[in-house]
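# Coordinates in review
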Amino acid sequence: MAKKESTISNMVLTLFIVTLVSGASLGFIYEVTKGPIEKAMRTKKNMAIKKVLPDFTNSPVENANSAYMDGDTLYVYKAMENTDTVGLAIETFTPDGFSGMIKLMVGFLPDGTIYDIAVLQHKETPGLGDKMATLDFRKQFQGQHPNTFNLQVKKDGGDVDAITASTITSRAFCDAVQRAYEQYKKEQTHEPAN
Amino acid sequence: MDYILIIIGAVFVNNIVLAQFLGICPFIGVSNKVETAIGMTGAVTFVLVLATMVTYLLQHYVLVPFGIGFMQTVTFILVIASLVQLVEIILKKISPALYQALGIFLPLITTNCAVLGVAILAVQKDLNLTESVVYAAANAIGFGLALLLFSGIREQLDLMDVPKPMRGVPAAFVVAGLLAMAFMGFAGIV
Amino acid sequence: MNQRTNFTKGFFKENPVFVLFLGLCPTLGTTTSAINGLGMGLATAFVLIMSNIVVSLTGSLIPGKVRIPSFIVIIASFVTIVDLLMKAYTNTPGPQGEPSLYDQLGLFIPLIVVNCLVLGRAEAYASKNKFMSSLIDGLGMGLGFTMALTMLGAVREILGSGSIFNYKFIEGDGILIFVLAPGAFIALGYLIVIINKLTKKA
């Protein structure tokens, strides 16, 4: 086949057809993958909530509350078993990580004790700061109530054993958990034991 | 967000080349001589700032309002490719001297992932227009800094007696690794 | 050149990473583990093969002056398709809550569009060759790229985390620097040295 000549009309027509076909096929793929993408997002959140709370039967992601605090958004997920509240999972954050933003999911039982904590997103140094996701570090928070357990590293007079050589990360972690607890307290005053 | 934080963060802490691995091709390709490194930096700065500005406007006034966010990659790369062409044509007309200096680098910029990368990052980080421009400029400085340091080292490296299989690119990579290690010292200052 | 050498050239003789030094950003940026390298390699290979096919079929219909922009749109479309598919189907976190493959590769998925390897093959090979040759060229180059990324990922994972394909074989940490940015440069540098030595190029 001979090469097409580069006349203006030829060029415009070609580019137009190419972008049209591209746009149309992408629109199609977008529609097809839209459902699965949303499902993947929900599964991701649900998995994190499952890790930080005891078993529940509802799908907490469906009715989440959001709250604005310190320049970013916290999300509150309520986990229920039939009609009983199993606990609240709060998606919290701190901007003070060693390499910026850290996002955590903190699970509170109805009495306010921490059940477990999961790390959702971070850029901390592998092998140092990223140890915050290990059970060894998380363990000390489990079953503690922030009223009696001072959410600060021991160096700052609190009760938290910092990760060796990663005080900044540990401090940031506590900051995020504390922020989640502040929100937890607000949620309690909002809706007194329904 | 504080502009100073954006600048220090982009230039030193998360250096675009040495920590984020963007723009490696020109980093290895044109860092043989300090002179070409300066030329490349100039061209990249120019396109990077312009492209980030235009893609910001497109993202917030076209893609988002019309709900076609999935066209982001296609739109952004087309914008960058046309901007590069445009800059080439304009430079040729108004400043032949500058064109002489930057001309050969311009076509290479379309496939420089630093430009598209920064444009996408600025959108992902939810920066506003001024912040985006500052962020783009800071990244361009970071790119220039890494490139200049590296080309300086490579000029010296050429005079060294390097084992044969290591000559050229492999040695350059190892040096880049050491440079990246030095830049890790900046971690945590922001 | 017969189809056999056309296919195998991408692995050693013209390996995109080790010999041609193309597509270095994802090579360094995503190879913190063998799995990530493999995932990134396959995603790029898909785009490369598909764009090679489409370009070889339509190349003669596109006027010379708008060739590059048309190729870029074609490549960007396939990149977006990969992005959407990966967001839908490779987006489940690991059992210990490790980030999903999609999250780990992150920015580097849309950046496949500026991978010089993809545009380079479309422009230099597919636009001048027939369907079959372009398909085989894309397959060879794509798999060669995947092999290079998996190798680099494996080396960094073995040295840096003491594991391979997430299977841990030593207790505790490895030499951490290999998972971090400097290790990427250094590991790739020495891999190229070894390959140079083996192929007796130097």
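Above: the structure in question.
These numbers come from a predicted model, not from an experiment.

### Overview of the sheet that holds strand E3 (residues 84-97) of chain A
Residues and elements named next belong to chain A. Taking strand neighbours across the sheet as the criterion, the five strands line up as E1-E2-E3-E4-E5 in an open arrangement whose pairing is antiparallel. The strands lining the two open edges of the sheet, one partner per strand, are strand E1 (65-69) and strand E5 (114-121). When strand polarity is set aside, the average angle formed by the axes of neighbouring strands in this sheet is 25°. Bridging between strand E4 (residues 100-108) and E5 involves six bridges; their strand directions are antiparallel. The residue bridging Val106 from the neighbouring strand is Ile117, located in E5. Contacts from helix H1 (residues 8-52) reach strand E2 (72-81), E3, E4 and E5, with the element oriented near 150° to E5.

### So, the packing of aromatic side chains
Residues and elements named next belong to chain B. The final tally for this structure, using the stated rule, is 13 aromatic pairs over all chains. A centroid spacing of 4.3 Å and a plane angle of 15° characterise the contact between Phe27 and Phe150, whose relative ring orientation is stacked. Remark: Phe150 occurs in helix H8 (residues 129-157) and Phe27 occurs in helix H2 (residues 24-29); sequence separation between them is 123 residues. Each member of the pair, Phe27 as well as Phe150, carries the same accessibility label: buried.

### Some remarks on the interface of chain B and chain A
How big an interface is tends to be expressed through the accessible area that disappears when the partners come together. If you look at the interface, chain B gives six residues, while chain A gives seven residues. Inspection of the chain B/chain A interface yields zero salt bridges. The interface formed by chain B and chain A holds zero residue pairs in polar contact (both at pLDDT 80 or more) in total. Residues that form the side of chain B that touches chain A fall into these classes: five nonpolar, one polar and no charged.

### With respect to a nonpolar patch on the surface
Residues Met53(B), Leu57(B), Tyr61(B), Val62(B), Phe66(B) and Leu129(B) make up a contiguous nonpolar surface patch of about 570 Å² in total accessible area. The greatest single-element share of the nonpolar patch, amounting to four residues, is contributed by helix H3 (residues 34-63) of chain B.

### Concerning the interface of chain B and chain C
Chain B puts 35 residues into the contact, and the matching count from chain C is 36 residues. For the pairing of chain B and chain C, the buried interface totals around 3100 Å² over both sides, and the portion due to carbon and sulfur atoms is 88%. For the chain B face of the interface with chain C, the top three residues by lost area are Phe21(B), Pro165(B) and Phe173(B), together amounting to 22%. Across the chain B-chain C interface, the total number found is one residue pair in polar contact (both at pLDDT 80 or more). Looking at the side of chain B that touches chain C, the elements that each hand over two or more residues are H2, helix H4 (72-94), helix H7 (113-124) and helix H9 (169-184) of chain B. Sorting elements by how many residues they give to the side of chain B that touches chain C places H9(B) first, with nine residues.

### Notes on the layout of surface pockets
Here the second largest pocket defines a volume of roughly 630 Å³. Lining the second largest pocket we find 25 residues, and of these Pro107(B), Thr110(B), Ile68(C), Ile72(C) and Leu119(C) sit closest to its centre. For the lining of the second largest pocket, the secondary structure elements donating two or more residues are H2, H4 and helix H6 (106-109) of chain B together with helix H4 (67-89) and helix H6 (116-124) of chain C. It is H4(B) that contributes the most residues to the lining of the second largest pocket, six residues altogether. Looking at the lining of the second largest pocket residue by residue, the classes come out as 15 nonpolar, seven polar and three charged.

### Thoughts on the packing of H3(B) against H8(B)
Residue and element names in this part refer to chain B. Axis separation between H3 and H8 bottoms out at 9 Å; the angle between their running directions is 165°. In terms of axis orientation, H3 runs roughly antiparallel to H8. Note on packing geometry: the crossing formed by H3 with H8 is right-handed. Of the residues in the contact of H3 with H8, the class split is 18 nonpolar, eight polar and one charged.

### Re the pairing of E2(A)
All names here are of chain A. Both E1 and E2 contribute to a ladder of five bridges, which runs antiparallel. Looking at the pairing, Ser66 lines up with Tyr75 of E2. Strand direction decides the pairing type here: E2 and E3, joined by seven bridges, are antiparallel. Looking at E3, one finds that Lys78 is bridged to Leu88. Taking the residues between adjacent antiparallel strands as the criterion, E2 and E3 are bridged by two residues, where Asn82 takes a positive phi near 55°.

### Side note on the pattern of salt bridges
One pass over the full model with this rule turns up 12 salt bridges over all chains. Its salt-bridge partner being Glu182(A), residue Lys185(A) comes within 3.9 Å of it at the nearest N-O pair. A residue pair is termed a helical-turn pair when its members lie 3 or 4 positions apart in one helix, as Lys185(A) and Glu182(A) do in helix H3 (residues 167-190) at three residues. Here Arg67(C) ties to Glu123(C) by a salt bridge, and the two come within 3.0 Å at their closest N and O atoms. You can see Arg67(C) sitting in helix H4 and its partner Glu123(C) sitting in helix H6, a full 56 residues away along the chain. Through salt bridges with shared partners, one network takes in Lys9(C), Arg121(C) and Asp137(C).

Definitions and limits used
- Residues numbered from 1 in each chain as written.
- Chains lettered and ligands numbered in written order.
- Predicted model: local features only at pLDDT ≥ 70, side-chain atom pairs only at ≥ 80, totals over all residues.
- Heavy atoms only, no water.
- Pairing = 2+ DSSP bridges.
- Helix = DSSP H or I, 4+ residues; strand = E, 2+ residues; numbered from the N terminus.
- Axes fitted to C-alpha atoms, helices over the stretch in contact; angles between N-to-C directions.
- Contact = heavy atoms within 4.5 Å.
- Phe/Tyr/Trp six-rings, centres within 6.5 Å; stacked < 30°, edge-to-face > 60°.
- Buried < 20%, exposed > 50% of the residue type's maximum accessible area, 1.4 Å probe, protein only.
- Salt bridge = Lys/Arg side-chain N within 4 Å of Asp/Glu carboxyl O.
- Polar contact = N/O pair within 3.5 Å; in protein donor to acceptor, adjacent residues only side chain to side chain.
- Nonpolar A, V, L, I, M, F, W, Y, C, P; charged D, E, K, R; others polar.
- Patch = residues over 30% accessible without salt bridge, like charges linked within 9 Å, V, L, I, M, F, W, Y side chains within 5 Å.
- Areas by Shrake-Rupley, 256 points an atom, 1.4 Å probe, with all protein chains shown as cover.
- Buried area = accessible area lost by both parts, 1.4 Å probe.
- 1 Å grid on protein atoms, 1.4 Å probe; cavity = no way out; pocket = protein on both sides within 12 Å on 5 of 7 lines; lining within 4 Å.
- Points joined across faces, edges and corners; volume = space filled by probe spheres on them.
- Parallel < 35°, antiparallel > 145°, perpendicular 65-115°, else oblique.
- Left-handed = near helix turned anticlockwise from the far one by under 90°.

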